[in-house]
Amino acid sequence: GAVVSQHPSWVICKSGTSVKIECRSLDFQATTMFWYRQFPKQSLMLMATSNEGSKATYEQGVEKDKFLINHASLTLSTLTVTSAHPEDSSFYICSARGFRTGNHSNQPQHFGDGTRLSIL
Amino acid sequence: GENVEQHPSTLSVQEGDSAVIKCTYSDSASNYFPWYKQELGKRPQLIIDIRSNVGEKKDQRIAVTLNKTAKHFSLHITETQPEDSAVYFCASGWGYSTLTFGKGTMLLVSP
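## Structural notes on the environment of Leu74 of chain A
All names here are of chain A.
- Within the fold, Leu74 resides in the loop between β7 (67-73) and β8 (76-81).
- As for Leu74 and Phe34, which are separated by 40 residues in sequence, their C-alpha atoms are 13 Å apart.
- Not counting the four nearest positions on each side in its chain, Leu74 is found in contact with Ser25, Phe28, Gln29, Ala30, Thr31 and Glu52.

## Some words on the environment of Ser30 of chain B
All names here are of chain B.
- In this structure, Ser30 sits in the loop between β3 (19-25) and β4 (32-38).
- Overall, Ser30 belongs to the buried group, its relative accessible area being 4%.
- In the structure, Ser30 is positioned 28 residues away from Glu2 in sequence and 8.3 Å away in space, judged by C-alpha atoms.
- Engagement of the side chain of Ser30 in a polar contact is seen with the side chain of Glu2, the distance being 2.6 Å.
- Separated by 3.0 Å, the side chains of Ser30 and Ser92 make a polar contact.

## Topic: the pattern of salt bridges
- The full count for this structure, using the stated rule, is seven salt bridges over all chains.
- With a shortest N-O distance of 2.7 Å, Asp113 of chain A and Arg43 of chain B are connected by a salt bridge. Linking Asp113 of chain A in the loop between β10 (106-111) and β11 (115-119) with Arg43 of chain B in the loop between β4 and β5 (44-51), this pair reaches from one chain into another.
- A relative accessible area of 40% places Asp113 of chain A in the partly exposed class.
- With a shortest N-O distance of 3.7 Å, Lys37 of chain B and Glu39 of chain B are connected by a salt bridge.
- Under the relative-accessibility criterion, Lys37 of chain B is labelled buried at 15%.

## Regarding the nonpolar core
- Grouped together as the largest cluster of nonpolar side chains are 25 residues, with contacts concentrated most on Trp35, Tyr58, Phe67, Ile69, Leu79, Tyr92 and Leu117 of chain A.
- Counting only elements with at least two residues in this core, the list comes to β2 (10-13), β3 (19-25), β4 (28-38), β5 (44-51), β7, β8, β9 (90-100) and β11 of chain A.
- It is β4 of chain A that contributes the most residues to this core, four residues altogether.
- Of all hydrophobic cores here, the second largest spans 22 residues; its members include Val13, Ile48, Ile50 and Val109 of chain B.

## Details of the pairing of β10 of chain A
Residue and element names in this part refer to chain A.
- Burial analysis of β10 places five of its six residues in the buried class, which makes it a mostly covered element.
- Sheet analysis places β9 next to β10, joined by four bridges and oriented antiparallel. The residue bridging Phe99 from the neighbouring strand is Asn106, located in β10.

## Some remarks on the packing of aromatic side chains
- Applying the stated criterion across every chain, the model contains 10 aromatic pairs over all chains.
- On the numbers, 5.1 Å between centres and 90° between planes, the contact of Phe111 of chain A with Tyr36 of chain B is edge-to-face. Here Phe111 of chain A is found in strand β10, whereas its partner Tyr36 of chain B is found in strand β4 on a different chain. Of the two residues, Phe111 of chain A and Tyr36 of chain B, neither departs from the other in class, the shared state being buried.
- On the numbers, 6.1 Å between centres and 65° between planes, the contact of Phe111 of chain A with Phe101 of chain B is edge-to-face. Residue Phe111 of chain A is located in strand β10, and its partner Phe101 of chain B is located in strand β10 (residues 99-101); the two belong to separate chains. Residue Phe111 of chain A shares its accessibility class with Phe101 of chain B, and that shared class is buried.

About the cut-offs
- Residues numbered from 1 in each chain as written.
- Chains lettered and ligands numbered in written order.
- Predicted model: local features only at pLDDT ≥ 70, side-chain atom pairs only at ≥ 80, totals over all residues.
- Heavy atoms only, no water.
- Helix = DSSP H or I, 4+ residues; strand = E, 2+ residues; numbered from the N terminus.
- Contact = heavy atoms within 4.5 Å.
- Buried < 20%, exposed > 50% of the residue type's maximum accessible area, 1.4 Å probe, protein only.
- Polar contact = N/O pair within 3.5 Å; in protein donor to acceptor, adjacent residues only side chain to side chain.
- Salt bridge = Lys/Arg side-chain N within 4 Å of Asp/Glu carboxyl O.
- Core = buried A, V, L, I, M, F, W, Y, C linked by side-chain atoms within 4.5 Å.
- Pairing = 2+ DSSP bridges.
- Phe/Tyr/Trp six-rings, centres within 6.5 Å; stacked < 30°, edge-to-face > 60°.

Spelled out as structure tokens, the structure:
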């Protein structure tokens, strides 16, 4: 199946630090990428949706100045948690959908491995 | 917006038994219903999906049924194995675009 790579897999940093998480689609063109947050034993909470070359659309209650999303190419989206605080500690997962390179087959959402963020 | 309800929240079965997880959705425009399996600390993996133009889809031991009139869909796992233990999420959406996820079902398969 389609492969989505997410880095880093875990981050531990001090309060006030900004953290950048990368999400890459390795074998298909990701026209849309999604960023989710998942608390322990809970479901996936959509934070924002980004279409390549456009500004991200944020879900209600998600601060766009806090969670900066860039989707400048068909294979890469980044989420930057600015001035992170302990309450930002969570599991962040990206997913991507788009078209497979070559045969242009439509791809459903495939998830990255997630990033566990711990803010001290 | 779309609302997806998933039941049960936990399900314990013996190895070899069948497991059924049910979801309902609210938006009649939804036409795509995937199921994801998430093992602890890992990514959700797409295990099966169904579109609104079919009522049932099967892939080896797993199957999904859809009732558009009642707005519900179910995941069926037969001959369960311990490695089936995980959290399963249903989701609903239009096309492959934004998905609304259920709260998840923790499936425990005892040997």
